[in-house]
Amino acid sequence: AEDLVYLQEAYIVFFNYMGFSKFAGNESEEDAIQRLIDKSGIIVVITRGENGCSAYTENNTVHIPGIPVRYLDTTGAGDTFNAVFLSSLLKGRTIEQAAINANQAAALSTTAKGARSVLTFIKNEQVLP
């Protein structure tokens with residue numbers, strides 16, 4: 001909760017599920033998300049690993065299911081997710097489409113070794129952020 005001062009300056013806040021649980025503490029997930037949105041009107045995005053992701057705004061909630069893949073290395077999956085989500089928004093995609101693209105890219109990034117493995121998929125236009 002002490003981090004709220006810093007988060008209020010953000011437009012989008014990304015959490016992985018474990019990080020969000022720590023942030024929320026004893027609060028329910030719903031209450032913690034609402035508190036973030038009420039205080040600053042930000043977009044809250046929570047990645048949930050194999051269970052997909054969720055994005056929350058003042059007027060919208062999006063849940064994207066996980067994509068079953070045979071994962072090899074999860075290094076860089078969160079960074080991949082964040083970069084593709086932001087890139088998608090900057091290209092004019094909706095929050096839902098940004099979450100779908102980011103979820104797909106992060107899942108694909110775990111199927112090869114190394115933090116930059118998803119670049120191969122993006123170059124071949126298998127992922128279109």
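It should be emphasised that the depicted structure is a prediction, and the values quoted were computed from it without experimental measurement.

K.L.:
How would you explain the sheet that holds strand E4 (residues 61-64) if you had to name every residue and give the values?
P.N.:
Read from one edge to the other, the open sheet built from four strands follows the order E1-E2-E3-E4, with strand pairing classed as mixed. Two strands bound the open sheet, and with one partner strand each, they are strand E1 (12-16) and E4. The sheet shows a mean angle of 10 degrees between the axes of neighbouring strands, direction not considered. In terms of strand pairing, E1 meets strand E2 (residues 43-47) through five bridges, oriented parallel. By the bridge assignment, Asn-16 is partnered in E2 with Thr-47.

K.L.:
Describe in detail the pattern of salt bridges, supporting the description with residues and values.
P.N.:
Counted under the stated rule, the structure contains two salt bridges. Arg-35 is paired through a salt bridge with Glu-27; the nearest N and O atoms lie 2.6 Å apart. The partner of Glu-29 in a salt bridge is Arg-48, and the shortest N-O contact between them spans 2.7 Å. One end of the pair, Glu-29, is in helix H3 (residues 29-40); the other, Arg-48, is in the loop between E2 and strand E3 (53-56), and 19 residues separate them in sequence.

K.L.:
Tell me about the nonpolar core, and name the residues and values.
P.N.:
Within the largest apolar cluster, 16 residues are counted, with the highest numbers of intra-cluster contacts made by Val-45, Phe-81 and Phe-85. Going through the elements one at a time, E2, E3, E4, helix H4 (77-90) and helix H5 (95-109) are the ones with two or more residues in this core. The element contributing the most residues to this core is H5, with six residues. Not counting the four nearest positions on each side in its chain, Phe-85 is found in contact with Ile-12, Phe-14, Val-45, Ile-95, Ala-98, Ala-99 and Ala-102.

K.L.:
Give me the packing of aromatic side chains: which residues, what numbers.
P.N.:
Tallied over the entire structure, the rule returns six aromatic pairs. Measuring from centroid to centroid gives 5.4 Å for Phe-14 and Phe-85, while their planes differ by 90 degrees, and the two rings are edge-to-face. Of this pair, Phe-14 sits in strand E1 while Phe-85 sits in helix H4, placing them 71 residues apart in sequence. Overall, Phe-85 belongs to the buried group, its relative accessible area being 0%. Plain terms: the ring middles of Phe-20 and Phe-23 are 6.0 Å apart, the flat faces sit at 40 degrees to each other, and that makes the pair tilted. Pair noted here: Phe-20 and Phe-23 are both in helix H2 (residues 17-24), with a separation of three residues, about one helical turn. An aromatic cluster is present here, built from Phe-14, Phe-81 and Phe-85 joined pairwise through their rings.

K.L.:
How would you explain the environment of Gly-114 if you had to name every residue and give the values?
P.N.:
The topology assignment puts Gly-114 in the loop between H5 and helix H6 (118-123). C-alpha of Gly-114 to C-alpha of Gly-76: the two residues are 38 residues apart in sequence and 7.3 Å apart in space. Apart from residues no more than four positions distant in its own chain, Gly-114 is found in contact with Asp-73, Thr-75 and Ser-109.

K.L.:
Before we move on, can you summarise H5 with the specific residues and values?
P.N.:
With 15 residues, H5 extends 21 Å from end C-alpha to end C-alpha; this agrees with the ideal 21 Å at 1.5 Å per step. In terms of burial, H5 is largely enclosed, as 11 of its 15 residues are buried. Residues of H5 that are buried include every one of Ile-95, Ala-98, Ala-99, Asn-101, Ala-102, Asn-103, Ala-105, Ala-106, Ala-107, Leu-108 and Ser-109, and no others.

K.L.:
Before we move on, could you go through the side chain of Asp-73 and cite the residues and values that matter?
P.N.:
Relative to the helices and strands, Asp-73 is located in the loop between E4 and H4. Relative accessible area serves as the criterion here: at 15%, Asp-73 is assigned to the buried category. Polar contacts involving the side chain of Asp-73 include one to the side chain of Thr-75, which spans 2.7 Å. In contact with Asp-73, other than residues within four places in its own chain, are Ser-109, Thr-110, Ala-112, Lys-113 and Gly-114.

Rules used throughout
Residues numbered from 1 in each chain as written. Predicted model: local features only at pLDDT ≥ 70, side-chain atom pairs only at ≥ 80, totals over all residues. Heavy atoms only, no water. Pairing = 2+ DSSP bridges. Helix = DSSP H or I, 4+ residues; strand = E, 2+ residues; numbered from the N terminus. Axes fitted to C-alpha atoms, helices over the stretch in contact; angles between N-to-C directions. Salt bridge = Lys/Arg side-chain N within 4 Å of Asp/Glu carboxyl O. Core = buried A, V, L, I, M, F, W, Y, C linked by side-chain atoms within 4.5 Å. Buried < 20%, exposed > 50% of the residue type's maximum accessible area, 1.4 Å probe, protein only. Contact = heavy atoms within 4.5 Å. Phe/Tyr/Trp six-rings, centres within 6.5 Å; stacked < 30°, edge-to-face > 60°. Expected span 1.5 Å × (residues − 1). Polar contact = N/O pair within 3.5 Å; in protein donor to acceptor, adjacent residues only side chain to side chain.

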